[in-house]
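Structural description and commentary
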Amino acid sequence: PSGVAPASGVEESTPERAAHIPGLVVEINSGLCRVHLGGDSPPGSKSILCTLRGNLRHKKSAYSQVVAVGDRVLITRDGEGRGVVEDVLPRQNVLARPDPMKGNAVQQIVVANVDQVIIVASWREPYLWPELVDRYLIAAQRNALEVLIVVNKVDLVEADQRDEFESMLQVYESLKWRVVQTSTLTGAGLDALSQLLTGKMTVL
């Protein structure tokens, strides 16, 4: 993943904060989070499991969780090979939805600090479901996130389905959504998709 410019309003560094280690949250499970050390470290770099500092759990927020995947955090080591999340840095953006347990008043963060959302669908096996694609488009637009639609398995488009296929994609293209056609079987479109992923933090 690439670096993203810090959001405005980031606090100036203090000696106490400077002693903290920057990290990127890549996984959350059962009250713990896995943090890649170094802020924007790529997958495969060193990571540790962290708990949350108690005072973080009591912060008031419009979101149901304190820490989300994609958050940039400051941690300290606990001396036992794990760490403690001391602070969550200001978010550039979030992809969020109403918390199913708490209603529309509270949002649940799907991911934070992304450069783009890629909606992946297949033409067949399973069939492309426009209503689901539209839901993701609406969620991304509400959060002012850049979106790319990837339609995979285009090798399954039969000759007598070509007009139907093109008409369906034209609906999105006419609304200025970018659409990439791919096939992992033939390799079609994969180079173009790779270029669009390079240097960006992407949520699929």
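Residues numbered from 1 in each chain as written. Predicted model: local features only at pLDDT ≥ 70, side-chain atom pairs only at ≥ 80, totals over all residues. Heavy atoms only, no water.

To continue, consider the side chain of R124. Among the secondary structure elements, R124 is positioned in the loop between β8 (116-122) and α3 (130-142). Buried R124, no salt bridge; nearest opposite-charge side chain is E164, N-O distance 4.0 Å. What R124 contacts, discounting residues up to four positions off in sequence, is K153, L156, Q161 and E164. (Helix = DSSP H or I, 4+ residues; strand = E, 2+ residues; numbered from the N terminus. Buried < 20%, exposed > 50% of the residue type's maximum accessible area, 1.4 Å probe, protein only. Lys, Arg positive; Asp, Glu negative; His and termini not counted. Salt bridge = Lys/Arg side-chain N within 4 Å of Asp/Glu carboxyl O. Contact = heavy atoms within 4.5 Å.)

Our focus in this paragraph is the pattern of salt bridges. Across all of its chains, the model carries five salt bridges by this definition. For E86, the salt bridge goes to R53, with nearest N and O atoms at 2.5 Å. Highlighted residues: E86 in strand β5 (residues 83-88) and R53 in the loop between β3 (47-52) and α2 (54-57), separated in sequence by 33 residues. Classification of E86 by relative accessible area gives buried; the value is 18%. The exposure class of R53 is partly exposed, given its relative accessible area of 35%.

Taken together, the five strands give a closed barrel; going around it, the order is β1-β2-β3-β5-β4, and neighbouring strands pair in mixed fashion. Each neighbouring strand pair of the sheet contributes to a mean axis angle of 55°, computed without reference to strand direction. Of the strand pairs in this sheet, strand β4 (residues 72-77) and β5 are connected by five bridges, and their pairing is antiparallel. Residue pairing for β5: I75 is matched across the bridge by V85. (Pairing = 2+ DSSP bridges. Axes fitted to C-alpha atoms, helices over the stretch in contact; angles between N-to-C directions.)

Bringing the layout of surface pockets into the picture now. Estimates place the volume of the largest pocket at around 560 Å³. Secondary-structure elements contributing two or more residues to the lining of the largest pocket are β6 (94-99), β7 (103-112), β8 and α3. Of the residues belonging to the lining of the largest pocket, the class tally is 19 nonpolar, three polar and three charged. (1 Å grid on protein atoms, 1.4 Å probe; cavity = no way out; pocket = protein on both sides within 12 Å on 5 of 7 lines; lining within 4 Å. Points joined across faces, edges and corners; volume = space filled by probe spheres on them. Nonpolar A, V, L, I, M, F, W, Y, C, P; charged D, E, K, R; others polar.)

Inspection of the entire model under this criterion finds one aromatic pair. An angle of 85° between the planes, with centres 5.0 Å apart, marks the rings of W123 and F165 as edge-to-face. Taken together, the residues span a long stretch of sequence, with W123 in the loop between β8 and α3 and F165 in helix α4 (residues 162-174) at a distance of 42 residues. Judged on exposure class, the residue W123 and its partner F165 are both buried. Taking the ring centre of W123 as reference, the NZ or CZ of R124 above it sits at 4.1 Å. (Phe/Tyr/Trp six-rings, centres within 6.5 Å; stacked < 30°, edge-to-face > 60°. Lys NZ or Arg CZ within 6 Å of the ring centre and 35° of its normal.)

The final tally for this structure, using the stated rule, is zero disulfides. The cysteine C33 is free of any disulfide, with C50 supplying the nearest cysteine sulfur at 5.1 Å. With relative accessibility at 3%, the residue C33 sits in the buried group. When its relative accessible area of 1% is taken as the criterion, C50 is described as buried. (Disulfide = S-S within 2.5 Å.)

The biggest cluster of nonpolar side chains holds 25 residues, and the ones touching the most others in it are V117, V133, L137, I149, V151, F165 and Y172. Secondary-structure elements contributing two or more residues to this core are β8, α3, β9 (146-152) and α4. Dropping the residues within four chain positions of it, I149 is found in contact with I119, V133, L137, Y172, W177, R178, V179 and V180. V25, I48, V73 and V85 belong to the second largest nonpolar core, which has 13 residues in total. (Core = buried A, V, L, I, M, F, W, Y, C linked by side-chain atoms within 4.5 Å.)

Attention now moves to unusual backbone geometry. Residue P126 follows E125 across a cis peptide bond; omega there is 0°. Mapped onto the secondary structure, P126 falls in the loop between β8 and α3. A positive phi is found at A144, a non-glycine position, where the angle reads about 55°. By the element assignment, A144 lies in the loop between α3 and β9. Residue A144 is classed as exposed on the basis of its relative accessible area of 72%.

Note that every value here comes from positions in space, so none of it alone points to a role or purpose.
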